[in-house]
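The primary structure of each chain is shown beneath.
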Amino acid sequence: MILGIVQTNPEFGNVDRNLKEIEELIGPREADLWIMPELATTGYELRGREESLELSEEVPNGKSSKWLHRLCKEKNFYAVMGLIERDGDQVYNGSIVMGPKGLIGRYRKIHLYDKENLRFDKGDIPFMVHDLGIARIGVMICFDWRFPEAMRTLCLRGAQIIAHPSNLVLPYGQAAMVTRCLENHVFAATANRVGTEARDGRTVSFTGRSVVIGTKGELLVSGALASADCMTVEIDPAKADDKAIHHYDDTFGSRRPEFYDKRLGLE
Ligand code: ACM
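Just so we're clear, the structure is a prediction, and the values are computed from it rather than from any experiment.

Asker: Hey, could you go over the state of the cysteines for me, with residue numbers and the actual values?
Answerer: Linking two cysteines covalently via their sulfur atoms produces the bond known as a disulfide. Per the stated rule, a full pass over the model turns up zero disulfides. In this model Cys72 remains outside any disulfide bridge; the closest cysteine sulfur is found in Cys230, 14 Å from its own. The class for Cys72 is buried, based on a relative accessible area of 0%.

Written as structure tokens, this is what we have:
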């Protein structure tokens, strides 16, 4: 299958412009599954919960969900995209999993980063794996990389590809994903953004260099450091089902949970 990443340079609050940028970046390129960044529709530096609510959308009846469904149907692909999800009076840093037939799943960021804690409610849906037919995918968002339990949970639940919409600001997120893939024998696609936002009393810069990492921690493709970009790579998701390290050791089978601290809460 062909896995694609769209690396955007969104304009804060300009949803129409940001959706158009994604469509133009994809252009005539073909992929079976596209991953877009975290908060791809709105940008990142929200001034607080009020502004999050103002820019939030319902899933799947909001504008961005409908737009993504149209694109998936027209071009016959699956996609994972970050947006602000409103559910009643709750507001989440969310990602949607969309396909030609409509919404497949949603994820609400579990490990909020820094001021996100003032802007969003904490994610309240368990890590789930979605079988798209072409691959089993799990979704986590950006700072979730910092908690190995997130990706481990998705992989223990059968994910072959980790879709990782991101707005990375720390310099080592992409490098950490190499270890995450190696320790789980899984593919990951980190779709990052570029640009700078000066809002909410500080200036935040995003680090670009989106990456697709293979099951042995190999860098399969990477994006530009400071400009919008789009890239695709052919992968075989079934490779992630083979957890063998060598004859005697297995990534999951050789684990010794009985010796691990119960506070890991993995089982
Ligand atoms: C982040 O989680 N967006 C840094």
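Asker: Account for the nonpolar core, with residues named and values stated.
Answerer: Within the largest apolar cluster, 55 residues are counted, with the highest numbers of intra-cluster contacts made by Leu3, Leu33, Met140, Met151, Ile161 and Ile162. For Met140, the residues in contact, after removing those within four places along its chain, are Tyr107, Phe127, Trp145, Ala150, Met151, Leu154, Ile162, Ala163, His164, Pro165 and Met177. Listed in part, the 22 residues of the second largest apolar core include Ile26, Ala40, Val59 and Cys72.

Asker: Before we move on, could you go through the pattern of salt bridges and cite the residues and values that matter?
Answerer: Summed over the entire model, instances satisfying the criterion amount to 24 salt bridges. One salt bridge in this structure joins Glu21 and Arg17, with 3.1 Å as the shortest N-O distance. Taken together, the residues span about one helical turn, with Glu21 and Arg17 both in helix α1 (residues 15-26) at a distance of four residues. Arg17 gets classed as partly exposed once you look at its relative accessible area, which sits at 29%. Its salt-bridge partner being Lys109, residue Glu38 comes within 2.9 Å of it at the nearest N-O pair. Of this pair, Glu38 sits in the loop between β2 (33-35) and α2 (49-55) while Lys109 sits in the loop between β5 (102-108) and α4 (116-119), and the two are 71 residues apart along the sequence. Residue classification places Glu38 among the buried positions, given a relative accessible area of 1%.

Asker: So, the packing of α1 against helix α3 (residues 63-75): which residues are in play, and what are the values?
Answerer: Two elements in contact, α1 and α3, have axes whose closest approach is 11 Å; the angle formed by their N-to-C orientations is 15 degrees. With respect to α3, the axis of α1 lies roughly parallel. The crossing of α1 and α3 is right-handed. Two secondary-structure elements touch here, α1 through Val15, Asp16, Leu19, Ile22, Glu23 and Ile26 and α3 through Lys63, Ser64, Trp67, Arg70, Leu71 and Lys75.

Asker: Got a sec to walk through the sheet that holds β5? Specific residues and values, please.
Answerer: Taken together, six strands build an open sheet; the order of strands is β5-β4-β3-β2-β1-β14 and the sheet is mixed. Edge positions in the sheet fall to β5 and β14 (229-234), since each has one partner strand and no second. Shown here is a sheet whose adjacent strand axes are inclined to one another by a mean of 30 degrees, direction ignored. The pairing of strand β1 (residues 2-7) with β14 spans six bridges and is antiparallel. Bridge pairing links Leu3 to Val233 in β14. Each of β1, β2, β3 (78-87) and β14 touches α1; the most contacted strand, β1, lies at about 135 degrees to it.

Parameters and conventions
Residues numbered from 1 in each chain as written. Predicted model: local features only at pLDDT ≥ 70, side-chain atom pairs only at ≥ 80, totals over all residues. Heavy atoms only, no water. Disulfide = S-S within 2.5 Å. Buried < 20%, exposed > 50% of the residue type's maximum accessible area, 1.4 Å probe, protein only. Core = buried A, V, L, I, M, F, W, Y, C linked by side-chain atoms within 4.5 Å. Contact = heavy atoms within 4.5 Å. Salt bridge = Lys/Arg side-chain N within 4 Å of Asp/Glu carboxyl O. Helix = DSSP H or I, 4+ residues; strand = E, 2+ residues; numbered from the N terminus. Axes fitted to C-alpha atoms, helices over the stretch in contact; angles between N-to-C directions. Parallel < 35°, antiparallel > 145°, perpendicular 65-115°, else oblique. Left-handed = near helix turned anticlockwise from the far one by under 90°. Pairing = 2+ DSSP bridges.

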